[in-house]
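Listed below, chain by chain, are the residues.
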Amino acid sequence: MAQIIDGKLISKQIKDELKEQVQSMKAEGTNICLAVIQVGEDPASTVYVNNKKKACTYTGIESRAYELPESTSEAELISLVEQLNADDGVNGILVQLPLPSHMNEDKIIRTISPDKDVDGFHPVSVGRLWIGEEGFVSCTPAGIIQLLKRSGIEISGKECVVIGRSNIVGKPMAALLLRENGTVTVAHSRTENLKEVAKRADILIVAIGKKEFINSEYIKDGAVIIDVGMHRDENNKLCGDVDYADAVSKASAITPVPGGVGPMTIAMLMSNCVAAARRQEELR
């Protein structure tokens, strides 16, 4: 019987730990503030932003919301980010993606100060990750590492296969697994013999963006399966990139969808905010 990796439970553990840290920091005179910018009214983005606000309230982190109309110009958004960069009362800045089509997302991300880049998307943050320096790590991959560690799953020395090479999940995931001494293969849409590559994995992390694409034919007996995907099936129920019903019989441990990776992303965003406040306090 596969171990079900409970992201809701582990994310709550992390948020409870952060809540204590925030209380302690406030008692010492250090406030923590996250600025969240949303441009337009994309429904999925609104859900994510509201969840981030709830997590801030739970942990005691101040949340500043900037809800801008879709007609906002790129120059106006850049001006706001630059103001927040200069505001010592703001520790972290998050610009909710996707942005409207008239904005250059890469340009906006590069405008955020690397010291306040709690999403871990800035090229400086990415560079620090790859050369092993301290910095902010993209929240979903960081959450996956916590899922594995807090579930008692050893990474060191294991064959790890990441399916997906996005800048937000696949690439930083590979870097973090290397940092934990995993042996890492990154597979993707052009990988030949994907089934054979995936079946080598002791730990298989799937971020391919295709509904229930990975089934038991891709899975080695006893592998750990981490499903990053989020889709709706024909019955409008949430499902992932992995065919859970088929995969669970071969896995030794597996994340469900929902309730697996998803809750960890916001927990690690809160963790990055606390880390940002600590670093900024040290520099003062």
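Below or above, wherever it landed, is the structure these notes cover. These numbers were taken from a predicted model, which means no experiment stands behind them. Position labels on residues start from 1 in each chain and follow its written sequence. The model is predicted, so local features are restricted to residues of pLDDT at least 70 and side-chain atom pairs to those at 80 or more, both for listing and for counting; the totals for chains, interfaces and linings are taken over all residues. Hydrogens and water molecules were not included; the side-chain quantities draw on all heavy atoms of the structure.

Below, the discussion takes up the packing of aromatic side chains. The aromatic pairing rule takes the rings of Phe, Tyr and Trp, using the six-membered ring of Trp, and pairs them if the centres are within 6.5 Å, calling planes under 30 degrees apart stacked, those over 60 edge-to-face and the rest tilted. Inspection of every chain in the model, using the stated rule, returns one aromatic pair. Taken together, a centroid distance of 5.8 Å and an interplanar angle of 50° make the contact between F213 and Y218 tilted. Geometrically, a lysine NZ or arginine CZ counts as sitting over a ring once it is within 6 Å of the ring centre and also within 35 degrees of the ring normal. Of note, K19 hangs over the ring of Y58, and the distance from its end group to the ring centre comes to 4.6 Å. Sitting over the ring of F213, K210 keeps its end group 5.1 Å from the ring centre.

At 3.6 residues per turn, the α-helix brings residues three or four places apart onto the same side. Per the convention used, a helix needs a DSSP run of H or I reaching at least four residues, while a strand needs a run of E reaching at least two, with both numbered from the N terminus. Multiply 1.5 Å by the residue count of a helix minus one, and that product is the helix's expected span. Taking 1.5 Å per residue, 13 residues should reach 18 Å; helix α3 (residues 74-86) reaches 19 Å between its end C-alpha atoms and fits that length. Three labels apply to residues, based on accessible area from a 1.4 Å probe with only protein chains included: buried if under 20% of the type maximum, exposed if over 50%, partly exposed otherwise in between. Listed in full, the buried residues belonging to α3 are E74, L77, I78, L80, V81 and L84. Buried residues along α3 cover an arc of 160° about the axis, so they all sit on one side. Along α3, exposed side chains directed more than 90 degrees from the buried face belong to A75, Q83 and A86. In this analysis, two residues are considered to be in contact whenever any of their non-hydrogen atoms come within 4.5 Å of each other. Packing partners of the buried residues in α3 comprise β2 (33-39), β3 (62-68), β4 (92-95) and α4 (105-111). Throughout, the arc means that of the directions going from the helix axis to the C-beta atoms.

Turning our eyes to something else, we now look at the environment of G229. Mapped onto the elements, G229 comes out in the loop between β8 (224-227) and β9 (231-232). Here G229 falls in the buried class, since its relative accessible area comes to 9%. In this structure, the C-alpha to C-alpha distance between G229 and R150, residues 79 residues apart in sequence, is 21 Å. G229 has contacts with V206, C239, G240, D241 and V257, leaving out every residue within four places of it along the chain.

Another point: the pairing of β2. Judged by how many residues are buried, β2 sits mostly within the fold: seven of seven residues are covered. Side-chain alternation along β2 places C33, A35, I37 and V39 on one buried face and L34, V36 and Q38 on a second face that is also buried. Taken together, the four bridges between β2 and β4 define a ladder with parallel strand orientation. Within β4, the position partnered with V36 by the bridge is L94. One requirement defines pairing of two strands: DSSP has to find at least two bridges between them.

Across the sheet, three strands lie side by side as β3-β2-β4; this open sheet has parallel pairing. Strands with a single pairing partner mark the edges of an open sheet, and in this sheet they are β3 and β4. This sheet shows a mean twist of 15° between the axes of neighbouring strands, independent of strand direction. Alignment of β2 against β3, held across seven bridges, turns out to be parallel. Bridge assignment links C33 to a residue of β3, and that residue is E62. What counts as an axis is a line fitted to C-alpha atoms, over the stretch in contact for a helix, and the angles between N-to-C directions run from 0 to 180 degrees.

A few words on the pattern of salt bridges. Note on definitions: salt bridges are taken to be side-chain nitrogens of Lys or Arg within 4 Å of carboxyl oxygens of Asp or Glu. Tallied over the full model, the rule gives 13 salt bridges. With its nearest N and O atoms 3.7 Å apart, the salt bridge here joins R64 to E62. On the basis of relative accessible area, E62 is assigned to the partly exposed category, the value being 33%. Of the charged contacts, one joins D87 and R64 as a salt bridge, the two residues approaching to 3.0 Å between their closest N and O atoms.

On their own, these measurements won't tell you what the molecule is for.
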